[in-house]
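Given next are the chains, with one letter for each unit.
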Amino acid sequence: MDRRDLLRAVAALPLLRAALPEPAFAQTYPMRNITLIVPFPAGGQADLAARPVAMALERILGKPVIVDNRAGGGGGSVGNAAAARAEPDGYTLLMTLSSLAVLPEADRLFDRPVAYEISQFMPIARVLADPTLLAVPASAPWKTAQDFVEDAKKRPGQITYGSSGPYGTLHVAMEMFASSADIKLLHVPFRGAGPALTALLSGTVQAIAAAPGTLKPQVDDGKLRVLGNCGAQRIASFPDVPIFQELGYKDVEMYIWAGLFAQSSLPAPVASRLREAMAQVMTSPDVLKSFEASGSLVAYQDAPAFSEFVATDSARLIAAVKKIGKVE
């Protein structure tokens, strides 16, 4: 076989793979380890979602599922882009957050090269969908959200808050609240929710908007206090925390959801196998117990419903980013 024939044969491999009967293809997947990229450091919502899911997928699929915390860029862009560029064969998956759709728009806002497009991804399953909560140190002088707002109005730009990076979920949530409350805060970005939480606990920053599962252990230990809930209703893990809409901040509604994605050109048999596996994962007692212990209840959606949810939520978040405008 000459070089030209060899190149033609290699180019035809994806077509031959796609042409295999679905049952036969599904039976061969997976044949090796699967990498599950988490585009944030350990300790945040995406990592909290990924680890129990990876363990359950290992049992169901019969191959190791290795969590790869690939942090970097603002709000998870490095890990998201790595997953987008990966071979669409089911061996590189992504567990990411709602900032997935926001980051390309932020790149466009700054006239930067776009790291990836959301159209490069196929939603497989939603795992969690929690409202973001405003938290401060237990030693802080603010006992309520109103205390926080009143102090911020007296000292514009002086109260600091941490985030997982510019235009990440935590950043957008705090700016949405600040805009509705007509206050100005000082944004301090980090590489993920875990480092931002560490900064809050150490006194480097004074506030954070994060998921219940990220905050609950620190609240239970008496280290943090939660002042407000960005969701549309109160939640079981923090039943006494008021939602911001109850407090008069009608424009504040923000969720930090976590979901499993693959590449948009993933062969249909592999996508079907992953969806079937995730349906089992999300009813696994170990997974349910793990999420419940962290204060985040399962919010499972299969691919069709999850795709619709992503489209609706992304449109709202992109509008919020455009309202925020350019920030460094």
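Cut-offs used in this document
- Residues numbered from 1 in each chain as written.
- Predicted model: local features only at pLDDT ≥ 70, side-chain atom pairs only at ≥ 80, totals over all residues.
- Heavy atoms only, no water.
- Pairing = 2+ DSSP bridges.
- Helix = DSSP H or I, 4+ residues; strand = E, 2+ residues; numbered from the N terminus.
- Axes fitted to C-alpha atoms, helices over the stretch in contact; angles between N-to-C directions.
- Contact = heavy atoms within 4.5 Å.
- Phe/Tyr/Trp six-rings, centres within 6.5 Å; stacked < 30°, edge-to-face > 60°.
- Buried < 20%, exposed > 50% of the residue type's maximum accessible area, 1.4 Å probe, protein only.
- Lys NZ or Arg CZ within 6 Å of the ring centre and 35° of its normal.
- Lys, Arg positive; Asp, Glu negative; His and termini not counted.
- Salt bridge = Lys/Arg side-chain N within 4 Å of Asp/Glu carboxyl O.
- Expected span 1.5 Å × (residues − 1).

(A) View of the sheet that holds strand β7 (residues 186–189). Ordered in space as β7-β6-β8-β5-β9, the five strands form an open sheet in which the pairing is mixed. One side of each edge strand has no neighbouring strand; the edge strands of this open sheet are β7 and β9 (224–229). Each neighbouring strand pair of the sheet contributes to a mean axis angle of 30 degrees, computed without reference to strand direction. Packing of helix α7 (residues 169–181) onto the sheet brings it into contact with β5 (133–137), β6 (160–163), β7 and β8 (207–210), and relative to β8 it is tilted by some 115 degrees.

(B) Molecular detail of the packing of aromatic side chains. Counted under the stated rule, the structure contains 13 aromatic pairs. Here phenylalanine 110 and tyrosine 167 contribute two aromatic rings whose centre-to-centre distance is 6.1 Å and whose plane-to-plane angle is 70 degrees, an arrangement assigned as edge-to-face. With phenylalanine 110 in the loop between α5 (102–109) and β4 (121–131) and tyrosine 167 in the loop between β6 and α7, this residue pair connects regions lying 57 residues apart in the sequence. Measuring from ring centre to ring centre gives 5.7 Å for phenylalanine 177 and tyrosine 249, while their planes differ by 90 degrees; the resulting arrangement is edge-to-face. Highlighted residues: phenylalanine 177 in helix α7 and tyrosine 249 in the loop between β9 and β10 (255–263), separated in sequence by 72 residues. The same class applies to phenylalanine 177 as to tyrosine 249, namely buried. In this structure an aromatic cluster arises from ring pairing among Tyr116, Phe121, Trp257, Phe261, Phe306 and Phe309. The residue whose ring lies beneath arginine 126 is phenylalanine 309, and the NZ or CZ to ring-centre distance is 4.5 Å.

(C) View of the side chain of glutamate 175. The residue glutamate 175 is located in helix α7 in this model. As a buried residue without a salt bridge, glutamate 175 has its nearest oppositely charged side chain in lysine 184, at a separation of 7.0 Å. Excluding anything up to four places from it in sequence, glutamate 175 contacts Tyr161 and Ile324.

(D) How the structure looks around the pairing of β9. Among the six residues that make up β9, six are buried, leaving the element largely enclosed by the rest of the structure. Here β5 pairs with β9 via five bridges, running antiparallel. Residue pairing in the sheet places leucine 133 in a bridge with asparagine 229 of β9.

(E) Here's a closer look at α7. With 13 residues, α7 ought to run about 18 Å at 1.5 Å a step, and its terminal C-alpha atoms sit 18 Å apart, in line with that. In terms of residue burial, α7 counts as a mostly covered element, since 11 of its 13 residues are buried. At the C-terminal side of α7, aspartate 182 shows a positive phi close to 60 degrees.

(F) Focus on the pattern of salt bridges. Enumeration over the complete set of coordinates arrives at 13 salt bridges. For arginine 155, the salt bridge goes to aspartate 151, with nearest N and O atoms at 2.8 Å. Taken together, the shared-partner salt bridges connect Glu105, Arg108 and Glu117 into one network.

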